[in-house]
Amino acid sequence: MKKYIVVLFTLLLAPLVNAAPEFKEGVEYKVVNDTASSKPEVTEFFSYVCSHCYSFEPLMEKLQERIPEVQLKKVPVPFLGRELGPILQRAYGAAVLLKVEDKLTPAIFDRIHRQRKMPNDLDDIKTIFVANGVEAKAFDGVINSFALNGMVAQYDKNTERFNVRGTPTVVVRDKYELNMSEIGSEERFYRVVEYLLSAG
């Protein structure tokens, strides 16, 4: 009888053991906001001068392929690159407004990290845009526009909101920030994101 009770107790506990979360708050991620977005969003805070961000680009592309419904957002931070930081932040916003971000982001990353040619100023940024098919007039029309100023203000607001101090910083559904040093591998990165996209 006693053996029967032990077996029954073990069977009752089994679902609880199986239900234990694979990833833990404070280890692979931390909670940075009380409320999660209902949308399947993943936000990457990045800088063009950040070598880790450059290396991180293929992972984000594969994440989109792995989870087609996920909405990837990029937020350029101004605090890396000294005086160039805010300029590169505006460069990203301009690329978004001109609908050439998919072409310009790889081009800027390539120039900085593969060619090792750091832009010096806004004129150098304009040269990169023009070399990648953007008309000089179109670039001039957006780089100091009201729309771009609003985008930059929103970038700064989000950077402060999530207290971002390094890059890349990845936030899932506006609530969970990944601890990249604890995740350890590309496959675990995808699994953590998938886990948090379905979390409460």
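Refer to the structure above for everything that follows.
What you are looking at is a predicted structure, and each value in this text was computed from that prediction instead of being measured.

Points about the sheet that holds strand 5 (residues 176-178)
Then step 1. Spatial ordering of the open sheet is given by 1-5-4-2-3, a layout of 5 strands whose pairing is mixed. Edge strands, defined here as strands with exactly one partner in the open sheet, are strand 1 (29-31) and strand 3 (71-76). When strand polarity is set aside, the average angle formed by the axes of neighbouring strands in this sheet is 25°.
Then step 2. Of the strands in this sheet, strand 1, strand 2 (41-46), strand 4 (169-172) and strand 5 touch helix 9 (residues 186-197), which is tilted by about 175° from strand 5.

Observations concerning the packing of aromatic side chains
Then step 1. Going through the model one piece at a time under the given rule, you end up with 13 aromatic pairs.
Then step 2. Ring geometry for Tyr92 versus Tyr155: centroids 6.2 Å apart, planes at 55°, classification tilted. Separated by 63 residues along the polypeptide, Tyr92 in helix 3 (residues 84-97) and Tyr155 in helix 7 (residues 146-161) bring together distant segments of the chain.
Then step 3. The buried category is assigned to Tyr92, whose relative accessible area is 6%.
Then step 4. Ring-pair connections join several aromatic residues into one group, and the members of that group are Phe46, Tyr48, Tyr54, Tyr92, Phe109 and Tyr155.

Comments concerning the side chain of Arg111
Then step 1. Its place among the elements puts Arg111 in helix 4 (residues 101-114).
Then step 2. Of the side chains bearing the opposite charge, Asp124 lies closest to the buried Arg111, which forms no salt bridge; the N-O distance is 4.2 Å.
Then step 3. Once you skip the residues sitting within four places of it in the chain, Arg111 turns out to touch Arg116, Lys117, Met118, Pro119, Asp124 and Ile128.

Quick word on helix 9
Then step 1. For helix 9, spanning 12 residues, the distance from its first C-alpha to its last is 17 Å, which sits close to the expected 16 Å at 1.5 Å a residue.
Then step 2. Looking at the buried positions of helix 9, the neighbouring elements they touch are strand 1, strand 2, helix 2 (51-66), strand 4, strand 5 and helix 8 (180-183).

Scoring rules and cut-offs
For every chain, the first residue of the written sequence is number 1, and numbering continues from 1 onward in sequence order. Residues qualify for local features only when their pLDDT is at least 70, as the model is predicted, and side-chain atom pairs are given and counted only at 80 or more; totals for whole chains, interfaces and linings, by contrast, use all residues. As a convention, hydrogens and water are excluded, and side-chain values are obtained from all of the structure's heavy atoms. For two strands to be treated as a pair, DSSP must find at least two bridges joining them. Labels follow the DSSP assignment, with helices taken as runs of H or I lasting at least four residues and strands as runs of E lasting at least two, numbered in each case from the N terminus. As a rule, the C-alpha atoms of each element are fitted with a line to give its axis, helices using only the stretch in contact, and angles between N-to-C directions run from 0 to 180 degrees. Only heavy atoms matter for contacts: two residues are in contact if any of them lie within 4.5 Å across the pair. The pairing test for Phe, Tyr and Trp rings, Trp by its six-membered ring, is centres within 6.5 Å, and the orientation test on the planes gives stacked under 30 degrees, edge-to-face over 60, and tilted for anything in between. Each residue is placed in one exposure class: buried if its accessible area under a 1.4 Å probe, protein chains only, is under 20% of its type's maximum, exposed if it is over 50%, and partly exposed if it falls in between. A residue counts as positive if it is Lys or Arg and as negative if it is Asp or Glu; His and the chain ends are not included. A pair is scored as a salt bridge if a Lys or Arg side-chain nitrogen falls within 4 Å of a carboxyl oxygen belonging to Asp or Glu. Helix span, expected: 1.5 Å multiplied by one less than the number of residues in the helix.

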